Amino acid sequence: MDIMGIIGDVLIIFGALNFAICAIGLITFYDFYARVSAVGTAAGFGISFVVLGVWFKDPSLAGFFVALVAILLLLGTSALGSMFIARSAALRGTQMTNPVADELGVLTPEQFEARMNGRGAPVEES
């Protein structure tokens, strides 16, 4: 087996491991925002490594450009999609488990303090 095939196999296995770890994260993570992060990581990096690994197994110039465009689109769309889904959830008032910061400014200072202290004040719908 040549070196390109071995590199391709390693990249495909790495992408599959990324999917497996993210799937475990979907099951074990405790809140919505952590789960969205796991899905975004799997969609972006997992598929990118698999696509790159497939290109290493069958390299060609045209295949390289197709793989490059596919990876750029995958990274962009998975990152943007994850951010938009998480932002929509934050604006709807989806509860966070043990928040550390509220950078979106969705919570009032009293609500944020209550969450930080474990009282879990609900977010009022506007």
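A quick note: this is a predicted structure, and the numbers were derived from the prediction, not measured.

### A look at the packing of helix α2 (residues 32-57) against helix α3 (residues 61-92)
With their axes 9 Å apart at the nearest point, α2 and α3 run at an angle of 175° to one another. Accordingly, the angle class assigned to the pair α2 and α3 is roughly antiparallel. Two secondary-structure elements touch here, α2 through F32, Y33, V36, G40, A43, G44, F45, I47, S48, V51, L52 and W55 and α3 through G63, F64, A67, I71, L74, L75, S78, S82, I85, A86, A89 and A90. Taken together, the residues that form the contact of α2 with α3 break down as 18 nonpolar, six polar and no charged.

### A few points about the UniProt feature "transmembrane region" (unreviewed entry) in the chain
As recorded in UniProt, the sites labelled "transmembrane region" (unreviewed entry) are residues 6-29, 36-56 and 62-86. Along residues 36-56, the helical share is 100% and the strand share 0%, with 30 Å between the first and last C-alpha atoms. Spanning residues 62-86, this segment combines 100% helix with 0% strand, and its end C-alpha atoms are found 36 Å apart.

### Concerning the packing of aromatic side chains
The tally for this structure, following the rule as stated, stands at five aromatic pairs. Summarising the aromatic geometry, the rings of F64 and F65 are spaced 5.5 Å apart at their centres and angled 70° between planes, so their arrangement reads as edge-to-face. Judged by relative accessible area, F64 falls into the partly exposed class, the value being 34%. Members of the aromatic cluster, joined through ring pairs, are W55, F56, F64 and F65.

### Some details on α2
Its 26 residues give α2 an end-to-end C-alpha distance of 37 Å, which sits within 8% of 38 Å, the value for a rise of 1.5 Å per residue. The sharpest bend along α2 reaches about 25° and sits at A42. Along α2, the residues that are buried comprise Y33, A34, V36, A38, G40, A42, G44, G46, S48, G53, W55 and F56. Of the surrounding elements, those touching the buried residues of α2 are α1 (3-28) and α3. Its side-chain oxygen 3.0 Å from the backbone nitrogen of Y33, D31 forms the N-cap of α2.

About the thresholds
- Residues numbered from 1 in each chain as written.
- Predicted model: local features only at pLDDT ≥ 70, side-chain atom pairs only at ≥ 80, totals over all residues.
- Heavy atoms only, no water.
- Axes fitted to C-alpha atoms, helices over the stretch in contact; angles between N-to-C directions.
- Helix = DSSP H or I, 4+ residues; strand = E, 2+ residues; numbered from the N terminus.
- Parallel < 35°, antiparallel > 145°, perpendicular 65-115°, else oblique.
- Contact = heavy atoms within 4.5 Å.
- Nonpolar A, V, L, I, M, F, W, Y, C, P; charged D, E, K, R; others polar.
- UniProt positions renumbered as here; feature names shortened; annotations may be inferred.
- Phe/Tyr/Trp six-rings, centres within 6.5 Å; stacked < 30°, edge-to-face > 60°.
- Buried < 20%, exposed > 50% of the residue type's maximum accessible area, 1.4 Å probe, protein only.
- Expected span 1.5 Å × (residues − 1).
- Bend = angle between axes of the 7 residues up to and from the residue.
- Polar contact = N/O pair within 3.5 Å; in protein donor to acceptor, adjacent residues only side chain to side chain.

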